[in-house]
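The lines below spell out each chain.
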Amino acid sequence: MHIVAVGLNYRTAPVEVRERFTFDEKDLPSALRELKKTNSVLEGVIVATCNRTEMYVVVDRLHMCGYFIRSFMEHWFGISREEFTQHLYIYEDEQAIRHLFRVTSGLDSMVIGETQILGQVKQAFLTAQAEKATGTWFNTLFKHAISVGKRAHSETSIGEAAVSVSYAAVELGKRIFGSFNHKKVMILGAGKMSELTVQHLYANGAEEVIVANRTFSRAEELAAKFDGTACTMEQAFTRLHEVDILISSTGAKDFVISADMVKDSMKRRKSRPLFMIDIAVPRDIDPVISDIANVFLYDIDDLEGVVETNLEMRRIEAAKIDSFIEEEIEEFNHWLKTLGVRPVIRALQEKANSVHEETLESLFNKLPELDERQRKVIRRLTKSMLNQMTHEPINRIKEMAVDKNADDALSMFTTMFGLEEELEDKEESSVSSRVNMKPATEPGREVEQAPSRIAYVPVSL
């Protein structure tokens, strides 16, 4: 069996393509059931966010899985494969595992180190589990993936430094105020960057928002998003003393905030700190204002400097996370290798138990005078002897299962203990079970002839 990841993300597909491949939360269980019915798919998890749509599957035929997954996407979304194949990437086995671990740790995100994706992958796994779309492999793999994500954010500081202008503004504000609780924010202009900055300030506790814009209707529209109030630009200049944080991005050709305005407001506010963020180019706020006591003025270059410094710090922290990922991959691969020996160990234990029961039955038939207590003692002692005899061989075959000659070792172990018949019975039972569980082709749905070769689109990590 093999692990495969197929998907598209912000690197490989523009938003107008990604938005056509989204799963509504209410439809995800049905999609998982449909995915599980797909030929060759034994287990499946779908991770769907605004920046990625990915399908993780365990398959029994590696060379056909890309074709079958594309068929699933074509059928589910009603979009011809010719329209999306060029945007797809596919990772197989260790590459797929590494990709999943990078996703959960935030290394594959648009904003490196972001934490939201970890919760999204965890929820995707739990949904798949609830739909019985996962099994032995993914129940273990996704637990490793979630563990990597938690380690990334608990053992490094990758998520602590701001890596966008709006986040940087919030970080700088925290150095001044400590907390934004009960702070009042004013926006001059209603551009996207101003809106994002206020959004982060509001999420961090800012209490009241005043929006001023030359187009009053736009001011009202933005103010409504934050339960704030709208005002004209002229009114805003007379209310500077009311606010703790000013964000300006008006598009004006000259300064709209002068030193005299700020000096007057600082007198009225009794010199309480004023945090000013000038995102405009050309600048809205006269830079000499930074010389006024208790006024903290930052322009776009200041914020971008913070962003670049923090990005470099995140890159350093990302190298630490890469080492976590390699450790987890090694641990998962070790588990996979020992997984192959489990049927052999189980066959040995079952054969030993069968011999034990047959021997005891013969013994008790020959010694009918034994009472129940005596029989229990004999059963317990002989069982202990049996366990001690099989303990060392089982440990040795577990160790040999991870060696390069594991197949030869398993074959020799099977022959030495005469387990061929037990393993054949188990294989026949397993195949019969899989055949009975596989759904039939839907009535009226033709099976498309698979191509002899599949062209995969590689995407470097």
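The structure presented is a predicted model; accordingly, all values stated were derived computationally and were not measured.

How each quantity is defined
Residues numbered from 1 in each chain as written. Predicted model: local features only at pLDDT ≥ 70, side-chain atom pairs only at ≥ 80, totals over all residues. Heavy atoms only, no water. Helix = DSSP H or I, 4+ residues; strand = E, 2+ residues; numbered from the N terminus. Buried < 20%, exposed > 50% of the residue type's maximum accessible area, 1.4 Å probe, protein only. Contact = heavy atoms within 4.5 Å. Areas by Shrake-Rupley, 256 points an atom, 1.4 Å probe, with all protein chains shown as cover. UniProt positions renumbered as here; feature names shortened; annotations may be inferred. Polar contact = N/O pair within 3.5 Å; in protein donor to acceptor, adjacent residues only side chain to side chain. Pairing = 2+ DSSP bridges. Axes fitted to C-alpha atoms, helices over the stretch in contact; angles between N-to-C directions.

Caption draft 1: Focus on the overall build of the chain. The helix and strand inventory of the chain stands at 16 helices and ten strands. Taking all 461 residues of the chain together, 45% fall into the buried category. For the chain, restricting intrachain contacts to residue pairs at least 6 apart in sequence, the fraction spanning at least 24 positions comes to 71%. Of the roughly 24300 Å² that the chain leaves accessible, carbon and sulfur atoms contribute 51%.

Caption draft 2: Highlighting the UniProt feature "binding site: NADP(+)" (unreviewed entry) in the chain. Residues annotated in UniProt with the feature "binding site: NADP(+)" (unreviewed entry) correspond here to G189, A190, G191, K192, M193 and S194. Topologically, K192 is positioned in helix α8 (residues 192-203). A relative accessible area of 56% means that K192 is categorised as exposed. For S194, the location among the structural elements is in helix α8. For S194, a relative accessible area of 0% translates into the label buried. In contact with S194, other than residues within four places in its own chain, are I187, G189, I247, S249 and I279.

Caption draft 3: Seen up close, the side chain of S248. Inspection of the secondary structure puts S248 in strand β8 (residues 245-248). Within the local environment of S248, its side chain forms a polar contact with the side chain of D284, the two groups lying 2.8 Å apart. Ignoring sequence-local partners within four residues, the contact set of S248 consists of L188, V256, I277, D278, I279, A280, D284 and I285.

Caption draft 4: Looking closely at the sheet that holds strand β2 (residues 41-48). Reading across from one edge, β2-β3-β1-β4 is the order of the four strands in this open sheet, with antiparallel pairing throughout. Each edge of the open sheet is held by one strand with a lone partner, namely β2 and β4 (89-92). Taking the axes of each pair of neighbouring strands and ignoring which way they run, one obtains an average angle of 15° across the sheet. The sheet contact formed by strand β1 (residues 2-9) and strand β3 (residues 52-59) spans eight bridges and is antiparallel. Along β3, the bridge assignment pairs H2 with V59. Each of β2 and β3 touches helix α5 (residues 116-130); the most contacted strand, β2, lies at about 145° to it.

Caption draft 5: Structural view of the UniProt feature "binding site: substrate" (unreviewed entry) in the chain. Listed under "binding site: substrate" (unreviewed entry) in the UniProt record, and renumbered for this structure, are T49, C50, N51, R52, S109, E114, T115, Q116 and Q120. Tracing the chain through its elements places S109 in the loop between α4 (94-104) and α5. Apart from residues no more than four positions distant in its own chain, S109 is found in contact with Y10, R52, E114 and I117. Within the secondary structure, T115 sits in the loop between α4 and α5.

Caption draft 6: Geometry of unusual backbone geometry. The residue H182 is not glycine, and still its phi comes out positive at about 65°. Counting through the fold element by element, H182 comes out in the loop between α7 (165-177) and β5 (184-188). Phi is positive for D227, which is not a glycine, with a value near 50°. Relative to the helices and strands, D227 is located in the loop between α9 (216-225) and β7 (229-231).

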